[in-house]
Amino acid sequence: MKTVIYGFSTEDLLDGLGLAQRIRELSGEELETFGFIVGAEPDVDGFDVIYKMGYAPTDAISKAILENISDTDIFIGPATKNGTDIATRLSAELDYPMITEVVDVDKVDDEIILKRQIIGGRGLAYYKFVTPITLTVPRKKFQPSKLDKKPEVKEVSIPEAKIRIIEELPKEKGEVDIEAAEVVVGVGRGFKSKEDIQMAFELAKLIGGEVGCSRPIAADFHWLGEDRWIGISGKKIKGKLYFAIGVSGAPQHIMAAGDAKIIVAVNKDKNAPIFKYADYGVVADLYQFIPVLIDRLKKRRG
Amino acid sequence: MDIGVLVKASLDGNMIRADPDGRINIENTPLLISEYDRNAVVEAARIKSEVGGKIYVYTLLTWGPTKKKKKELENVVREALALGGDEAYAVVDDRVIPCDVTSTAYILSNLIKKFGNPELILAGEASMDMLSSQMPIRLARHLGYNVVTFARKIELSDNKIRVTRDLEDKLEVVETSLPAVISVTGEINRPKLPTLLQIRKAFAKPFKVVGLDELELEDTGRKISYSDLRLITITRKNVIIEADKLEDIADILIDKLIEEGVVRV
Ligand SMILES: Cc1cc2nc3c(=O)[nH]c(=O)nc-3n(C[C@H](O)[C@H](O)[C@H](O)COP(=O)(O)OP(=O)(O)OC[C@H]3O[C@@H](n4cnc5c(N)ncnc54)[C@H](O)[C@@H]3O)c2cc1C
């Protein structure tokens, strides 16, 4: 089967290769693998050929892939925004079905089943693997085994396209790794201003944790950096405690804390969905409760 | 300039019902307007306030049974009309259910061409339930329109459209020409709940429901369909800590967290 794995970095190609190897393992079919890397140098073995191209708008990238490689059975790309955009352009052009963010591949009754998260992580959808198909893969889900096939690298030019890039504005890179933190205090829209978040930092310091937040706090209000954004499109919480304050509990947010050992929720609305996902809940106004909690913690420490 | 907006009646993530075997029970799970489709309607209303024209709301019922779900779809459409839509067109047909994104894009492109045929079409960045982000590009392919995804800002001038795309590591400002389909992020604006007056007015706005026959479609264009939808079970303790004084609640909570071994004092 002819497999094309594209991406913007060596890591993207490795993630795709991991998924391709898993499919080969289960299907028993040999794969011919082509890489397509955009705006980076490939540093990876295990491909027959790797095409490389300068950074370009997504429509130019998908066009270049189609111009250089034909009769593809499987496209695999990164489950990032541009990765998804390109995957869909390829699929729409060729009329291929597409499954985004494949999190698991299994064999059931002789059929290969692909699984993906739906409803913000509340559910899983199962699809029978067919070809041709386009797949996108989340970061580090599938680890490839080492292959020493040295690829031939071919440089390709950027084709004409309908979208033109005018300007790029880099985002500030955050320094906090909340995925590695044992304790995370989560800030939601229950907080009324940026200054008030100081309370969450104080609590986090007392219980030995980092501060994370819901999507609107980071992406919309910019009260905290996007490195602190928890959720399906942000970071996952895997430590001992997630302490959510003024967060309503949308699945897109709270399911990303599914691996946390204990979840605590403070919310003034007793019907907030977050309580369904919590081990311990406090129905209270955060502005009244959090200062009291901080005070009691300090008193215990003496 | 007329603007089209795609809205989806999506499964409500906080009200998912499942059968004893873990399969999601679609019939008994309520439908809601997909969160970021509200942003798309509000953005359409903003653009309309600058350039005039009409806002067409388009939708297709993807979850069945149609008899039960049609009412919920109507509520979703009314909400979109209350938020700024002028007219709405919906496809409701048993033959397309459960509908996947390939057939939805194909059928919607026919609906759009038949009713209104606007030059600019907006959609949310992803639906709340299936989250696949494929619709805008697949639709654009059928319509022969340009397409830009993940817009945080849209600026129109003459025949050009300038879009600030919100990507993981950067903002990317791009330009393309009309006609176009643009998907918007949840951060492009802050939709307010519609007022009672807006809701009342929405009931007076034109709303047409059609089936495949009226679109003269025989095939649904379906490519792939899920074989199963399963609920992930959540097992948490769900203890609400209650006491008369906040101090006592705090103390009980601290004790619990120490007991669980997640906080040290
Ligand atoms: C495709 C898609 C992807 C998404 N990805 C993400 C994601 O990765 N991460 C994410 O977080 N969201 C994501 N969302 C958005 C998500 O659906 C919610 O809109 C968001 O998580 C809500 O954030 P919130 O809980 O902070 O705000 P709200 O939902 O507004 O909740 C605020 C809560 O604070 C409570 N509150 C208010 N005042 C007080 C007070 N004084 N004291 C105590 N409680 C108070 C309220 O009762 C309410 O429950 C996504 C949505 C979609 C459709």
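Residues numbered from 1 in each chain as written. Chains lettered and ligands numbered in written order. Predicted model: local features only at pLDDT ≥ 70, side-chain atom pairs only at ≥ 80, totals over all residues. Heavy atoms only, no water.

1. Considering a nonpolar patch on the surface
A cluster of nonpolar residues, Leu196, Ile199 and Phe203 of chain B, forms a patch on the protein surface that exposes about 330 Å² of accessible area. Its place among the elements puts leucine 196 of chain B in helix 5 (residues 196-202). (Patch = residues over 30% accessible without salt bridge, like charges linked within 9 Å, V, L, I, M, F, W, Y side chains within 5 Å. Areas by Shrake-Rupley, 256 points an atom, 1.4 Å probe, with all protein chains shown as cover. Salt bridge = Lys/Arg side-chain N within 4 Å of Asp/Glu carboxyl O. Helix = DSSP H or I, 4+ residues; strand = E, 2+ residues; numbered from the N terminus.)

2. Things to note about the site of the ligand
Around the ligand sit 30 residues in total, of which Arg189, Ser214, Ser248 and Asn267 of chain A together with Glu35 of chain B are the nearest. Two or more chains meet at the ligand, and those chains are chains A and B. The separation between a nitrogen atom of the ligand and a polar main-chain atom of lysine 268 of chain A is 3.1 Å. Calculation on the ligand without its partners gives an accessible area of 990 Å², and the protein chains cover 89% of this total. In terms of residue class, the shell around the ligand is made up of 12 nonpolar, 11 polar and seven charged. (Near = heavy atom within 4 Å. Polar contact = N/O pair within 3.5 Å; in protein donor to acceptor, adjacent residues only side chain to side chain. Nonpolar A, V, L, I, M, F, W, Y, C, P; charged D, E, K, R; others polar.)

3. Examining the domain arrangement of chain B
Parsing chain B into structural domains produces domain 1 (3-210) and domain 2 (235-265). In this structure, domain 1 of chain B and domain 2 of chain B have C-alpha centres spaced 43 Å apart. (Domains from an automatic or database assignment.)

4. Some remarks on the interface of chain B and chain A
Taken together, the 74 residues of chain B in the interface contact 87 residues of chain A. Summing the contributions of chain B and of chain A, the shared interface buries around 7300 Å²; its carbon and sulfur component is 55%. Looking only at chain B, the three residues that lose the most surface to chain A are Asn14, Ile224 and Arg236 of chain B, adding up to 10% of its buried area. Linking chain B with chain A are 12 salt bridges, by the criterion used here. Our count for the chain B to chain A interface comes out at 51 residue pairs in polar contact (both at pLDDT 80 or more). (Contact = heavy atoms within 4.5 Å. Buried area = accessible area lost by both parts, 1.4 Å probe.)

5. Quick word on the nonpolar core
Ranked by internal contacts, the top residues of the largest apolar core, which has 76 residues, are Leu19 and Leu135 of chain A together with Leu122, Ile154 and Ile182 of chain B. Leave out the neighbours within four places in its chain, and leucine 122 of chain B touches Ile3, Gly4, Val5, Leu6, Ala40, Glu43, Ala44, Ile47, Ile154 and Ile182 of chain B. By size, the runner-up hydrophobic cluster in this structure holds 43 residues, among which are Phe191, Met199 and Leu293 of chain A together with Ile249 of chain B. (Core = buried A, V, L, I, M, F, W, Y, C linked by side-chain atoms within 4.5 Å. Buried < 20%, exposed > 50% of the residue type's maximum accessible area, 1.4 Å probe, protein only.)

6. Things to note about the pattern of salt bridges
Under the counting rule described, the total for this entry stands at 45 salt bridges over all chains. Between arginine 215 of chain A and glutamate 187 of chain B there is a salt bridge, with its nearest N and O atoms 2.7 Å apart. With arginine 215 of chain A in helix 5 (residues 215-220) and glutamate 187 of chain B in the loop between strand 10 (180-184) and helix 5, this residue pair bridges two chains. Each member of the pair, arginine 215 of chain A together with glutamate 187 of chain B, is buried. Across the pair arginine 300 of chain A and aspartate 255 of chain B runs a salt bridge, and its minimum N-O distance is 2.7 Å. Here the residue arginine 300 of chain A occupies a position in helix 7 (residues 286-301), and aspartate 255 of chain B occupies one in helix 6 (residues 246-259), the pair thus bridging two chains. By relative accessible area, which is 32% here, arginine 300 of chain A ends up partly exposed. One salt-bridge network, held together by shared partners, links Asp85, Arg89 and Glu168 of chain A together with Arg165, Lys170 and Glu172 of chain B.

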